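Chain residues, written in single-letter form:
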Amino acid sequence: MAVVKHNNYHDEQNVQNILKIRAVLETLPPFCKTFFRGIEEYTSPRTRLAYAYDIRLFFEYVHDQNSIYSKMDIRDFPLSILDQLTRLDIEDYLAYMSLYQKDGRDITNEERGKSRKLAALRSFYNYFYRSEMIRTNPASLVSMPKLHEKEIIRLEPNEVAILLNQVENGTNLTRKELEYHKKTRLRDVALLTLLLGTGIRVSECVGLDLKDVNFDVGGIKIRRKGGYEAVVYFGDEVETALLDYLEEREHIIPVEGHEDALFLSLQNRRITVRAVENLVKKYASRVTTLKKITPHKLRSTYGTSLYQETGDIYLVADVLGHKDVNTTRAHYAAQADDRRRRAAQYVRLREKMPDEKD
């Protein structure tokens, strides 16, 4: 009898993203396939899918706004279109992205959204230009939008305790929510304690398998962005929460294909990123003293606490899985500045005279 091998969560996500890329490419000019084959070696399927969506959006804009190309099907656009478009066309496109309508909805993009779209176009144009398939590279002439640093929203220690108490006790939940809470309490406590106690991404969390938890070393093996594996270590509170949940998890029969998943949904399938986002939102919204909290804010909370305790930006970058320490430094620069300000109070140059007041 043939043995069916189940892909792990991350491999399955890659397969799904590759299928989505193929579907998007069917709506684009044929020369686009050359670009995506060219970048396949050094990009993840998730990155290529994001590029595919952004490039399709660009061609949809050209089709809708350009009197010449509006008469053509997007799939019939020739490669020469890239030479015919100018820097001004791309700047107009980015301005249009600030606010446009699609499927009856208003869609907005701030600096970061427009930066990602321009980055996709730059890679796209650069590939054909370096391959000497086009003569011009107008995307390289467009300046990247200036990014304003976003304030880090994080939980204070007392707010972390309030949130975890809310998850544990289910206070302020509706009657219907309390019925669900009885079934998911240990899972939810373990999940949020793990996020707050390790700073892992939600995608890394939902991708965890049972075999990835090693209590002997107090660590979990996760798959980082880019596909490499890393071990992240956890403390006593995380260990206790995981053990309590795993005792319950032993009595749950997962749906076929989801046997390995650490965290299961009420349907006994691997829990999804969207489900985790919703449960964080549900618990946080019941605590009036809390800020608007998302799973990423829990990651910021961990990073902030670790940096405050150690002052080691390289350690924070390593634990959070940032490839470039400058990314970490940019996020936590305000805290570094605050530490430097406090340093001014620590050194006294002259002793105060007896009659001087503190």
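Remember, predicted model here, so these are calculated numbers, not experimental data.

Draft legend 1. Molecular detail of the environment of His-10. In this structure, His-10 sits in helix α1 (residues 9-25). Overall, His-10 belongs to the buried group, its relative accessible area being 14%. It is 8.2 Å that separates the C-alpha atoms of His-10 and Gly-227, two residues lying 217 residues apart in sequence. If near-sequence neighbours (up to four positions away) are discounted, His-10 is found in contact with Ser-203, Gly-207 and Arg-223.

Draft legend 2. Inspection of the pairing of strand β4 (residues 219-223) at higher detail. β4 sits mainly inside the fold: four of its five residues count as buried. Here strand β3 (residues 213-214) runs beside β4; their pairing, made up of two bridges, is antiparallel. Within β4, the residue paired with Val-213 across the bridge is Ile-220. As consecutive antiparallel partners, β3 and β4 are separated by four residues, and within that stretch Gly-218 has a phi angle of approximately 70°, a positive value. Sheet analysis places β4 next to strand β5 (residues 229-233), joined by five bridges and oriented antiparallel. Counterpart to Gly-219 in the pairing with β5 is Tyr-233. The antiparallel pairing of β4 with β5 creates a hairpin that spans five residues between the two strands, and Gly-226 there sits at a positive phi of about 95°.

Draft legend 3. Summary view of the pattern of salt bridges. Going through the model one piece at a time under the given rule, you end up with 16 salt bridges. Salt-bridge contacts for Arg-201 lead to Glu-204; the nearest nitrogen and oxygen are separated by 2.7 Å. In this structure, the salt-bridge partner of Arg-224 is Glu-204, at a minimum N-O distance of 3.1 Å. With a gap of 20 residues between them, Arg-224 in the loop between β4 and β5 and Glu-204 in helix α9 (residues 202-206) connect regions that are remote in the sequence. Taken individually, Arg-224 and Glu-204 each receive the classification buried, so the pair is uniform in this respect. Sharing partners across several salt bridges, the network here consists of Asp-209, Lys-211, Asp-212 and Arg-270.

Draft legend 4. Structural detail: unusual backbone geometry. Located in the positive-phi region is Glu-132, a residue other than glycine, with phi close to 60°. Relative to the helices and strands, Glu-132 is located in the loop between α6 (111-130) and α7 (157-169). If you check the backbone angles, Asn-268 has positive phi at about 60° while not being a glycine. With respect to the helices and strands, Asn-268 occurs in the loop between α10 (236-249) and α11 (273-285). Relative accessible area serves as the criterion here: at 25%, Asn-268 is assigned to the partly exposed category.

Draft legend 5. Just the nonpolar core, in detail. Leu-194, Ile-200, Ile-220, Phe-263 and Leu-298 are the most contacted members of the largest nonpolar core, which has 40 residues in total. Counting residues per element, the ones that place at least two in this core are α7, α8 (175-198), α9, β4, α10 and α11. The biggest single contributor to this core is α8, with seven residues. Every residue in contact with Leu-298, bar those within four places of it in the chain, is listed here: Leu-155, Leu-163, Leu-192, Leu-195, Leu-196, Val-280 and Ile-293. Grouped together as the second largest cluster of nonpolar side chains are 39 residues, Ile-21, Val-24, Phe-35 and Val-142 included.

Draft legend 6. Quick peek at the confidence of the model for the protein chain. The predicted model of the protein chain has a mean per-residue pLDDT of 86, with 87% of residues at 70 or higher. Confidence, expressed as mean pLDDT per element, reaches its minimum in the protein chain at helix α14 (residues 325-346) with 60 and its maximum at helix α2 (residues 31-38) with 97.

Draft legend 7. Focus on the sheet that holds β4. Strand order in the open sheet formed by three strands is β3-β4-β5, and the pairing between neighbours is antiparallel. Strands at the two margins of the open sheet, each flanked by one partner only, are β3 and β5.

Draft legend 8. Focus on the environment of Ala-230. Residue placement: Ala-230 occurs in strand β5. As a C-alpha pair, Ala-230 and Gly-219 span 11 residues in sequence and 9.8 Å in three-dimensional space. Discounting residues that sit within four places of it in the chain, Ala-230 has contacts with Ile-220, Lys-221, Ile-222 and Arg-224.

Draft legend 9. Just a negative patch on the surface, in detail. A contiguous patch of negative charge, built from Glu-168, Asp-244, Glu-247 and Glu-250, is present on the exposed surface. Within the element layout of this structure, Asp-244 appears in helix α10. For Asp-244, a relative accessible area of 38% gives the class partly exposed.

Draft legend 10. Quick peek at α8. The terminal C-alpha atoms of α8, which comprises 24 residues, lie 32 Å apart, in line with the 34 Å expected from a rise of 1.5 Å per residue. Taking the largest bend as the criterion, α8 deviates by roughly 70°, centred on Thr-184. After α8 finishes, the residue Gly-199 shows a positive phi value of roughly 75°.

Conventions and cut-offs
Residues numbered from 1 in each chain as written. Predicted model: local features only at pLDDT ≥ 70, side-chain atom pairs only at ≥ 80, totals over all residues. Heavy atoms only, no water. Helix = DSSP H or I, 4+ residues; strand = E, 2+ residues; numbered from the N terminus. Buried < 20%, exposed > 50% of the residue type's maximum accessible area, 1.4 Å probe, protein only. Contact = heavy atoms within 4.5 Å. Pairing = 2+ DSSP bridges. Salt bridge = Lys/Arg side-chain N within 4 Å of Asp/Glu carboxyl O. Core = buried A, V, L, I, M, F, W, Y, C linked by side-chain atoms within 4.5 Å. pLDDT = per-residue confidence, 0-100. Patch = residues over 30% accessible without salt bridge, like charges linked within 9 Å, V, L, I, M, F, W, Y side chains within 5 Å. Areas by Shrake-Rupley, 256 points an atom, 1.4 Å probe, with all protein chains shown as cover. Lys, Arg positive; Asp, Glu negative; His and termini not counted. Charge placed at Lys NZ, Arg CZ, Asp CG, Glu CD. Expected span 1.5 Å × (residues − 1). Bend = angle between axes of the 7 residues up to and from the residue.

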